[in-house]
Amino acid sequence: MPLAAAFAVTAALLLTACGGDESSDGAKDGGKIAGADEGGGKKKDAPSSTASPDGPADRPAADLPADVKNVFESWKTGDPAKDAALADARRRIDATDAAIVDGASESEAIPFYYQGEALVGAAEWIAGFKKNDLSITGTTRYYAPQVTPHGKTAVGIQYCADESKAYTKSRKTGKTDKTPVTDKSYVLYNTRLDKNKQGVWQTTMLSSERGSAKCTP
């Protein structure tokens, strides 16, 4: 089933944080898009890197297996401050998926990229997959990001996710649960990110709207 539909109850905890102009959410989509940016996390079969071009080397690595891909389409604006926030938002998405795949509800990357209400929701979301013995597979495309600054240390980021090629799979059997593509495969996310003293843009609020007209083809 589409990822965000996998755990409706748990997702409600994660995705109903404060909305509005200063909230944000994330989504997933499939298919490799020409000219799109790949996710910030490295794949497990890729050589290790000492530093990311978007930030310092001390960010936690997000190791994604070959069958899990995040594609970030047009996630650079040319504005250094906005692009720094977008880069940490990408890393947060990759870190969340890596924790789900690893069954690591206590991953150090989660409190690194999340704070406040969003941190509580993320931990519960990841734990839901582990409890139900599920993982994820496929490709998610993130597109149409819009960054709204709120002073120098806070931004709102709205973006869309296409989860039409992203699925859950059983850890025991490896079977992928595929469902038909509908409007519900597309999600509008609204997030708020706050810059901490270490210069990391942490997601503090996250909400979503599945089937939003802003994101459906």
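Residues numbered from 1 in each chain as written. Predicted model: local features only at pLDDT ≥ 70, side-chain atom pairs only at ≥ 80, totals over all residues. Heavy atoms only, no water.

Taking burial as the measure, the five residues of strand 2 (residues 68–72) include four buried ones, the bulk of the element. Direction of pairing for strand 2 relative to strand 3 (residues 134–149): parallel, over a ladder of five bridges. Residue pairing across strands places Lys-69 opposite Thr-139, the latter belonging to strand 3. (Buried < 20%, exposed > 50% of the residue type's maximum accessible area, 1.4 Å probe, protein only. Helix = DSSP H or I, 4+ residues; strand = E, 2+ residues; numbered from the N terminus. Pairing = 2+ DSSP bridges.)

Tallied over the entire structure, the rule returns eight aromatic pairs. Plain terms: the ring middles of Tyr-142 and Tyr-159 are 6.0 Å apart, the flat faces sit at 65° to each other, and that makes the pair edge-to-face. One end of the pair, Tyr-142, is in strand 3; the other, Tyr-159, is in strand 4 (residues 154–170), with 17 residues separating them in the sequence. With respect to burial, Tyr-142 and Tyr-159 carry one shared label: buried. Centre to centre, the rings of Tyr-159 and Tyr-189 are 5.4 Å apart; their planes meet at 15°, and the pair counts as stacked. Of this pair, Tyr-159 sits in strand 4 while Tyr-189 sits in strand 6 (residues 186–195), and the two are 30 residues apart along the sequence. (Phe/Tyr/Trp six-rings, centres within 6.5 Å; stacked < 30°, edge-to-face > 60°.)

Attention shifts here to the confidence of the model for the chain. Averaged over the chain, the pLDDT score is 79; the fraction of residues at 70 or greater is 73%. pLDDT under 50 marks residues 1–55. Its contacts with residues more than four places away, or in other chains, come to 180 contacts. (pLDDT = per-residue confidence, 0-100. Contact = heavy atoms within 4.5 Å.)

Our focus in this paragraph is the pattern of salt bridges. Tallied over the full model, the rule gives seven salt bridges. For Lys-169, the salt bridge goes to Asp-67, with nearest N and O atoms at 3.1 Å. Taken together, the positions of Lys-169 in strand 4 and Asp-67 in the loop between strand 1 (37–38) and strand 2 put the pair 102 residues apart, joining distant regions of the chain. We classify Asp-67 as partly exposed; its relative accessible area is 29%. With a closest N to O distance of 2.9 Å, Asp-194 and Arg-192 form a salt bridge. Residue Arg-192 is classed as buried on the basis of its relative accessible area, which comes to 16%. Salt bridges sharing partners connect three or more residues here, namely Arg-59, Asp-88 and Arg-91. (Salt bridge = Lys/Arg side-chain N within 4 Å of Asp/Glu carboxyl O.)

This paragraph deals with unusual backbone geometry. Positive phi, close to 60°, is recorded for Ser-74, a residue that is not glycine. Relative to the assigned elements, Ser-74 resides in the loop between strand 2 and helix 2 (80–102). On the accessibility criterion, Ser-74 (54% relative accessible area) is exposed. Although it is not a glycine, Asp-133 adopts a positive phi angle of roughly 55°. Mapped onto the elements of the fold, Asp-133 is located in the loop between helix 4 (116–131) and strand 3.

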